[in-house]
Structure formats: C-alpha cells, structure tokens
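Chain and residue survey
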Amino acid sequence: MNPKLQFTQNLIKKAGQLIVEMQKEAKASYKSAKDVVTEADLASEKLIVEAIKKEHPNDHIISEENYSDFELTNERFWVIDPIDGTVNYSRGTPLYGISIALIENKELILGVIYLPKLNELYWAEKGTGAFCNNEPIHVSGIDELNKSIVSGEDFNCGQKENLNNQRQLQQLTNLANETMRVHIVGSAVVGATFVASGKVEGKISSGFFWDIAAAKIIVEEAGGKVTKKDGSPYDPKKRDTVLSNGRIHQELLDVLA
Ligand code: IPD
Ligand code: CA
C-alpha cells in the first residue's frame, strides 16, 4: 500500500477513536448563530496536524478550525476536516466523520473519510478506484431523477444565517417534486459516502474545501461526477458543489438552475 495512504488511514482512525471517546463530554461553543465547534474538533485537528507536521514537515495544511486560509500552489497540501457534522456530533448522533485529502500540483491524489461510529473507512487514490473497509465501492446505476435520492445538504443553512429565500425555496421545492426522496443528513462527508457507495444518487453542498476535498476524489473514483451547480469544474474556493453518480447529474443541475 502507498505509504501516504497507510499513514493517512492510521492517523484518521486514531483521530476517530479520540472523538468517539470525547463525544459524551466534549463542550460545544457557538462559532456563529448556526454553527458550533467542540473541544473534540480542536483535539482532532491538533492530533492530525501534529502528526502530519512530524512526518511531512515541508507540506502545507488546510484545516477548518485553525488553518482555514489557503492559496493552492504546486506544493503538497493536506486538507482536513477534523469533524464534519459537528452539530450532529454535539447532539450524540452517529452521523459525523473525519476527512483528510492530499493535493499535489493542485490535483487531488488521495482522499480518506472515516465515519467512526458507523465503523466505515472510505478511501480513494487517483486512478485506483474507491473502497470502503477494503471492499471496492461504486455509485448507483439509477439513471432517472424521479427514482433518485438526493442529499440536499445545501438547505440546512449551515454557516449561512438564512436560506437565500425565493431561489433556494424554489430549488428545494423542485428537488422534492422531481426526486424520490430528499435527505438532509447534517454532514457533508456522510452524504458524500452515500453517493460514492450507491446509497443515494446525488448531493448538493455549500460545503467548504475541507468538507469536499476527500469526498470529491472518493465519489469520482467510485464512478461519479463532481461539478459546480452550473456544470463547470469544481472550484475549491467556491461553496457550490454537486456530487452525483454521473447518470442523473445533468437532470439534477437542471432542477437547480
Ligand atoms: C458542515 C456540515 C453541514 C453542511 C455545512 C458544513 P461542519 O460541516 O457538513 O452538514 O451543511 O456546509 O460546513 O461545520 O460540521 O464541519
Ligand atoms: Ca468541521
């Protein structure tokens, strides 16, 4: 196994064990009206960042809590969300995860997502397919939006104080009318693993780069597609992402247009 993949898997499992141990006790504080951070987010970030700095001292770090400003260059960047789904985590639900991705020459080359309470470790490397707990995974074969489940993570407000009124309300109405089900699971990475493993067909997200980086390579390596809502290539600086099984991608973009 690629030593960087092995290193990342070991590290993410260690961080996963830590946050599970801390879940009952970790104090949460408000970052903004609709966003919280817990002691466990900070502890997980510290553990991951320290290990990367020790093993790869010349690499750069992008991470949600203390390393969120970034400008990608051709050097190596580790992109980390120490807990994705912190609100879920702080309320005792199992729907949260940790995400670590590696970028070289501005290209994603490795992504690992760990859902410690669900005991699921997802990963992908460029060109080698996607896996969950050592089994290959694939996006679903469903090719009609009206038979699809779509994760509407975009509609839970997140860091935004309110939905963008009429436009988003119309998008949500269209999505509800045109799909089989709309999920809002409260964690970008959980929703993305559902797409990658064929449990749902699509996901729209206003997540940051650290929410999307590992998810993007895992979904693509599982056979799916990731773009902005207008169909143009994914942009790490824009909080505007659609991930899908590819087959319903255009229909989904049309509903959001
Ligand atoms: C958030 C969650 C949420 C999504 C937000 C994310 P966090 O991540 O994934 O479901 O709607 O866009 O920022 O704050 O829990 O890491
Ligand atoms: Ca987070």
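Look up a bit, the structure's there.
Described in the following lines is the structure provided in the data block. Quick caveat: nothing in here was measured; it's all calculated off a predicted structure.

**A few points about the overall build of the protein chain**
Counting its secondary structure elements, the protein chain contains seven helices and 14 strands. In terms of overall dimensions, the protein chain is globule-like: its C-alpha atoms have a radius of gyration of 17 Å, near the 18 Å expected for 257 residues. Each principal axis of the C-alpha atoms in the protein chain carries an extent, and together these give about 50 × 40 × 35 Å. Residues classed as buried in the protein chain amount to 52% of the 257 residues present. The long-range fraction of contacts in the protein chain, counting pairs at least 24 apart against all pairs at least 6 apart in sequence, stands at 62%. Just so you have it, the protein chain exposes about 11700 Å², and 48% of that area is on carbon and sulfur atoms. Looking at the protein chain, you have 29 positive and 36 negative side-chain charges, and the mean spots of the two groups are 2 Å apart.

**A closer look at the nonpolar core**
Counting 37 residues, the largest nonpolar core has Ile62, Val79, Ile113, Ile137, Phe209 and Ile218 as the members making the most contacts within it. Listed by contribution, the elements that provide at least two residues to this core are β4 (77-84), β5 (97-104), β6 (107-115), β7 (120-125), β8 (130-132), α5 (188-196) and α6 (209-221). Excluding its chain neighbours within four sequence positions, the residues that come into contact with Ile62 are Tyr67, Phe70, Leu72, Phe77, Trp78, Val79, Ile80, Phe209 and Trp210. One finds Ala15, Ile48, Ile98 and Leu110 within the second-largest nonpolar core, a separate group that totals 25 residues.

**Looking at the coordination of the calcium ion (ligand 2)**
Geometry sets the ideal angles at a metal, namely 109.5 degrees for four tetrahedral donors and 90 or 180 degrees for six octahedral donors. Coordination of the calcium ion (ligand 2) by the protein comes from Glu64 (OE), Asp81 (OD), Asp81 (OD) and Ile83 (O), over a distance range of 1.9 to 3.0 Å. On the primary sequence, the residues serving as donors to the calcium ion (ligand 2) are separated as E-x16-D-x1-I.

**So, the site of ligand 1**
Neighbouring ligand 1 are 15 residues, the closest being Asp84, Gly85, Thr86, Glu153 and Ala188. Within the side chain of Glu64, an N or O atom sits 3.1 Å from an oxygen atom of ligand 1. Between ligand 1 and Gly85 there is a distance of 2.7 Å, counted from an oxygen atom to a backbone nitrogen or oxygen. Taking 380 Å² as the accessible area of ligand 1 by itself, protein coverage stands at 95%. Residues belonging to the shell around ligand 1 are distributed by class as follows: two nonpolar, seven polar and six charged.

**Concerning the pairing of strand β2 (residues 35-38)**
Of the two faces of β2, the one holding Asp35 and Val37 and the one holding Val36 and Thr38 are both buried throughout. With four bridges joining them, strand β1 (residues 28-32) and β2 adopt antiparallel strand pairing. Across the sheet, the residue bridging to Ala28 is Thr38, located in β2.

**With respect to the environment of Ser99**
Position of Ser99 relative to the elements: it lies in strand β5. As a C-alpha pair, Ser99 and Val189 span 90 residues in sequence and 7.2 Å in three-dimensional space. Apart from residues lying up to four places away in sequence, Ser99 is in contact with Ile12, Val79, Ile80, Asp81, Val112, Ile113, Val189, Trp210 and Ala214.

**Here we look at the sheet that holds strand β10 (residues 149-151)**
Reading across the sheet, the five strands line up as β11-β10-β12-β14-β13 and stay open at both edges, with mixed pairing between neighbours. Both edges of this open sheet fall to β11 (181-183) and β13 (225-227), since each of them pairs with a single strand only. Averaged over neighbouring strand pairs, the angle between their axes works out to 15° when direction is ignored. By the bridge criterion, three bridges tie β13 to strand β14 (residues 241-244) in an arrangement that is antiparallel. The residue bridging Thr227 from the neighbouring strand is Val242, located in β14.

**Examining the layout of surface pockets**
One number sums up the size of the second largest pocket: a volume of about 190 Å³. Lining the second largest pocket are Leu72, Ile103, Lys106, Glu107, Leu108, Lys126, Phe209, Lys216, Ile217, Glu220, Tyr234 and Pro236. Breaking the lining of the second largest pocket down by element, the ones donating at least two residues are β6 and α6. Counting residues per element, the lining of the second largest pocket draws most heavily on α6, at four residues. Residue classes in the lining of the second largest pocket are distributed as seven nonpolar, no polar and five charged.

**Points about the sheet that holds β7**
Pairing is mixed across the open sheet formed by seven strands, whose spatial order is β3-β4-β5-β6-β7-β8-β9. The outermost strands of the open sheet, each flanked by one partner alone, are β3 (60-63) and β9 (135-137). Strand-to-strand twist of the sheet, defined as the mean angle between neighbouring strand axes without regard to direction, takes the value 20°. Pairing of β6 with β7, which is carried by six bridges, proceeds in the antiparallel orientation. Note on β7: the bridge partner recorded for Val112 is Trp123. On the sheet, helix α2 (residues 39-55) packs against β3, β4 and β5 and is oriented at approximately 155° with respect to β4.

Conventions and cut-offs
- Residues numbered from 1 in each chain as written.
- Chains lettered and ligands numbered in written order.
- Predicted model: local features only at pLDDT ≥ 70, side-chain atom pairs only at ≥ 80, totals over all residues.
- Heavy atoms only, no water.
- Helix = DSSP H or I, 4+ residues; strand = E, 2+ residues; numbered from the N terminus.
- Rg over C-alpha atoms; globule rule 2.2 N^0.38 Å.
- Buried < 20%, exposed > 50% of the residue type's maximum accessible area, 1.4 Å probe, protein only.
- Contact = heavy atoms within 4.5 Å.
- Areas by Shrake-Rupley, 256 points an atom, 1.4 Å probe, with all protein chains shown as cover.
- Lys, Arg positive; Asp, Glu negative; His and termini not counted.
- Charge placed at Lys NZ, Arg CZ, Asp CG, Glu CD.
- Core = buried A, V, L, I, M, F, W, Y, C linked by side-chain atoms within 4.5 Å.
- Donors = N, O, S within 2.8 Å, 3.2 Å for Na, K, Ca; no water.
- Near = heavy atom within 4 Å.
- Polar contact = N/O pair within 3.5 Å; in protein donor to acceptor, adjacent residues only side chain to side chain.
- Nonpolar A, V, L, I, M, F, W, Y, C, P; charged D, E, K, R; others polar.
- Pairing = 2+ DSSP bridges.
- Axes fitted to C-alpha atoms, helices over the stretch in contact; angles between N-to-C directions.
- 1 Å grid on protein atoms, 1.4 Å probe; cavity = no way out; pocket = protein on both sides within 12 Å on 5 of 7 lines; lining within 4 Å.
- Points joined across faces, edges and corners; volume = space filled by probe spheres on them.

The analysis is restricted to geometry; functional conclusions fall outside its scope.
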